Amino acid sequence: QVQLVESGGGLVQAGGSLRLSCAASGRGFSDYAMGWFRQAPGKEREFVAVIKWSGGSTVYTDSVKGRFTISRDNAKNTVYLQMNSLKPEDTAVYYCAADRVFRRTVVSSIKINYNYWGQGTQVTVSS
């Protein structure tokens, strides 16, 4: 079992920054890729970013490239999402998720490949 707890969400003006954190406990954190997803009202949950178990590879959805940075600290069992230059369209509930495959070779952006999810943290960007 894995427990994931997100924090760091809030209300910010357009152009501002937030840093989300996701603390993990349970299964070996450092052996699994970690992803961030988001869900806006009335929309499906969508992929935002993923980082490989080793931290050596990251992938981002096009809309956040150059603005968001995913990172992890395996010693602290924590994954982060630094969000800069925020836009109103970034408003959503943000979820972290843990990959279901041990040391997956190529990171995945597909929801079904993640079997543990946090409860989410709200990010609201005002215009």
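S.K.: Looking at this model, I keep getting lost on the overall build of the chain. Mind explaining?
M.R.: Looking only at helices and strands, the chain features zero helices and 11 strands. Ordered by position from the N terminus, the helices and strands of the chain form the series β-β-β-β-β-β-β-β-β-β-β. Relative to a compact globule of 127 residues, whose C-alpha radius of gyration would be 14 Å, the chain shows 13 Å and is just as compact. When each of the 127 residues of the chain is scored for burial, the buried share is 45%. Here the analysis covers contacts within the chain between residues at least 6 apart in sequence; of these, 59% occur between residues at least 24 apart. A total accessible area of about 6200 Å² is found for the chain, and carbon and sulfur atoms account for 48% of it.

S.K.: Sorry if this is basic, but what is going on with the packing of aromatic side chains here?
M.R.: The description of an aromatic ring pair uses the distance of the two centres, along with the angle that the planes make with each other. As enumerated under the stated definition, the model contains five aromatic pairs in all. Between Tyr32 and Phe102, the aromatic rings sit 6.0 Å apart at their centres with planes inclined by 80 degrees, giving edge-to-face as the arrangement. Of the two residues, Tyr32 sits in the loop between β3 (18–26) and β4 (34–39) while Phe102 sits in the loop between β9 (92–99) and β10 (114–117), which places them 70 residues apart along the sequence. For Tyr32, a relative accessible area of 12% corresponds to the buried category. Judged by centre distance (5.2 Å) and plane angle (75 degrees), the rings of Phe37 and Tyr114 are edge-to-face. Of this pair, Phe37 sits in strand β4 while Tyr114 sits in strand β10, placing them 77 residues apart in sequence. Looking at Phe37, the relative accessible area reads 0%, which means it is buried. Relative accessible area serves as the criterion here: at 3%, Tyr114 is assigned to the buried category.

S.K.: How should unusual backbone geometry be read in this particular structure?
M.R.: Negative phi values dominate among residues other than glycine, just as trans dominates among peptide bonds. One non-glycine residue, Asn77, adopts positive backbone phi at about 55 degrees. Mapping Asn77 onto the fold places it in the loop between β7 (68–73) and β8 (78–83). Although it is not a glycine, Arg103 adopts a positive phi angle of roughly 45 degrees.

S.K.: Explain the state of the cysteines here, please?
M.R.: In protein structure, a disulfide is the covalent linkage between the sulfur atoms of two cysteines. Enumeration over the complete set of coordinates arrives at one disulfide. For Cys22, the disulfide goes to Cys96, at an S-S distance of 1.9 Å. Judged by the sign of its S-S torsion, about 50 degrees, the bond between Cys22 and Cys96 is right-handed. Of the two residues, Cys22 sits in strand β3 while Cys96 sits in strand β9, which places them 74 residues apart along the sequence. Both residues of the pair, Cys22 and Cys96, belong to the buried class.

What counts and how
Residues numbered from 1 in each chain as written. Predicted model: local features only at pLDDT ≥ 70, side-chain atom pairs only at ≥ 80, totals over all residues. Heavy atoms only, no water. Helix = DSSP H or I, 4+ residues; strand = E, 2+ residues; numbered from the N terminus. Rg over C-alpha atoms; globule rule 2.2 N^0.38 Å. Buried < 20%, exposed > 50% of the residue type's maximum accessible area, 1.4 Å probe, protein only. Contact = heavy atoms within 4.5 Å. Areas by Shrake-Rupley, 256 points an atom, 1.4 Å probe, with all protein chains shown as cover. Phe/Tyr/Trp six-rings, centres within 6.5 Å; stacked < 30°, edge-to-face > 60°. Disulfide = S-S within 2.5 Å.

Keep in mind these numbers describe shape, not what the thing actually does.
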